[in-house]
Amino acid sequence: EALRRRILRRILPFEADYKTIEKAARIEKQQTVNLPKGWFLKAFAQSIYLIPNPLEKPALGTLFCLTANGNTGDGKHSQILPESLYQKCNLRYWQPGDFIQPFGMQGTKSMQDYFTDRKIEEPLRGITPLLCLENEVIWVIGVGASEKARYKENEKAVLLQYTDIPKA
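Residues numbered from 1 in each chain as written. Predicted model: local features only at pLDDT ≥ 70, side-chain atom pairs only at ≥ 80, totals over all residues. Heavy atoms only, no water.

A. Representation of unusual backbone geometry in the model. One non-glycine residue, Q30, lies in the positive phi region at around 65°. You can see Q30 is positioned in the loop between α2 (18–25) and β1 (32–34). According to the relative accessible area criterion, Q30 is exposed, its value standing at 60%. (Helix = DSSP H or I, 4+ residues; strand = E, 2+ residues; numbered from the N terminus. Buried < 20%, exposed > 50% of the residue type's maximum accessible area, 1.4 Å probe, protein only.)

B. Geometry of the pairing of strand β2 (residues 40–43). The alternating pattern of β2 places F40 and K42 on one face and L41 and A43 on the opposite face, and all of these are buried. Relative to β2, β1 is paired through three bridges, and the arrangement is antiparallel. When the sheet's bridge partners are listed, N34 is paired in β2 with F40. Counted between consecutive antiparallel strands, the loop separating β1 from β2 contains five residues, among which K37 sits at a positive phi close to 60°. As judged from the four bridges shared by β2 and strand β3 (residues 48–51), these two strands associate in the antiparallel manner. Among the inter-strand pairings, L41 is bridged to a residue of β3, identified as L50. (Pairing = 2+ DSSP bridges.)

C. Highlighting the environment of K76. Mapped onto the fold, K76 is located in the loop between β4 (62–67) and β5 (78–82). For K76, a relative accessible area of 41% translates into the label partly exposed. Remark: the alpha-carbon pair of K76 and G144, spanning 68 residues in sequence, is separated by 5.2 Å. Ignoring sequence-local partners within four residues, the contact set of K76 consists of W139, I141, G142 and V143. (Contact = heavy atoms within 4.5 Å.)

D. Main features of the pattern of salt bridges. Across all of its chains, the model carries 10 salt bridges by this definition. With its nearest N and O atoms 3.9 Å apart, the salt bridge here joins R5 to E1. The exposed category is assigned to E1, whose relative accessible area is 53%. With its nearest N and O atoms 2.8 Å apart, the salt bridge here joins R92 to D98. (Salt bridge = Lys/Arg side-chain N within 4 Å of Asp/Glu carboxyl O.)

E. Representation of the sheet that holds β3. Spatially, β1-β2-β3 is the arrangement adopted by the three strands of the open sheet, whose pairing is antiparallel. Both edges of this open sheet fall to β1 and β3, since each of them pairs with a single strand only. Shown here is a sheet whose adjacent strand axes are inclined to one another by a mean of 15°, direction ignored. (Axes fitted to C-alpha atoms, helices over the stretch in contact; angles between N-to-C directions.)

F. Highlighting the nonpolar core. L63, L81, L131, I138, W139 and L160 are the most contacted members of the largest nonpolar core, which has 13 residues in total. Elements represented by at least two residues in this core include exactly β10 (136–140) and β12 (157–163). A total of three residues in this core trace back to one element, the largest contributor, which is β12. Apart from residues no more than four positions distant in its own chain, I138 is found in contact with L81, L85, C89, L131, C132, L133, A145, S146, K148 and A149. Core analysis: the second largest hydrophobic core is formed by 11 residues, L12, I21, V33 and L41 among them. (Core = buried A, V, L, I, M, F, W, Y, C linked by side-chain atoms within 4.5 Å.)

G. Quick peek at the side chain of Q101. Along the chain, the position of Q101 falls in the loop between β7 (99–100) and β8 (109–110). A polar side-chain atom of Q101 sits 3.2 Å from the main-chain carbonyl oxygen of Q106. (Polar contact = N/O pair within 3.5 Å; in protein donor to acceptor, adjacent residues only side chain to side chain.)

H. Representation of α2 within the structure. T20, I21, E22, A24 and A25 are the residues of α2 that are buried. Summarising the contacts, the buried residues of α2 are in contact with α1 (2–11), β1 and β2.

Worth remembering: the numbers are spatial, not functional.
See the structure below:
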């Protein structure tokens, strides 16, 4: 337990009193511990997340648009898209009503179901960057692409790469 308390003191981005550290060190599965300044710890089956104030979304990273040159990307960190589709898309976080047609599927899924199927835990869902065409998600960065991102040989395409270095 002493090691847990020591680790917590090092990772918390603010000073916390002994009572708060002790409560956080004893967190168990499916529990949430409120911390100062709107932060909290949330424990899941395999992970514990230190979550910032939910009203403060992290800044989005940067999307680089490169010439495809035959590279289709890995679907997680880089993705090829038809240039005409990319020009209509915007980078943002998940919003109610968002949906995706997962790569290789005919139907669509709500993002809630998609995240559940991909085992993306709740604290990460609201801060996972999405490339969207209105409410349709084209690319869930770090997770996978939509069927709409499928490359067709005779289309002009761009290769997108995302970096989580926030814009200045």
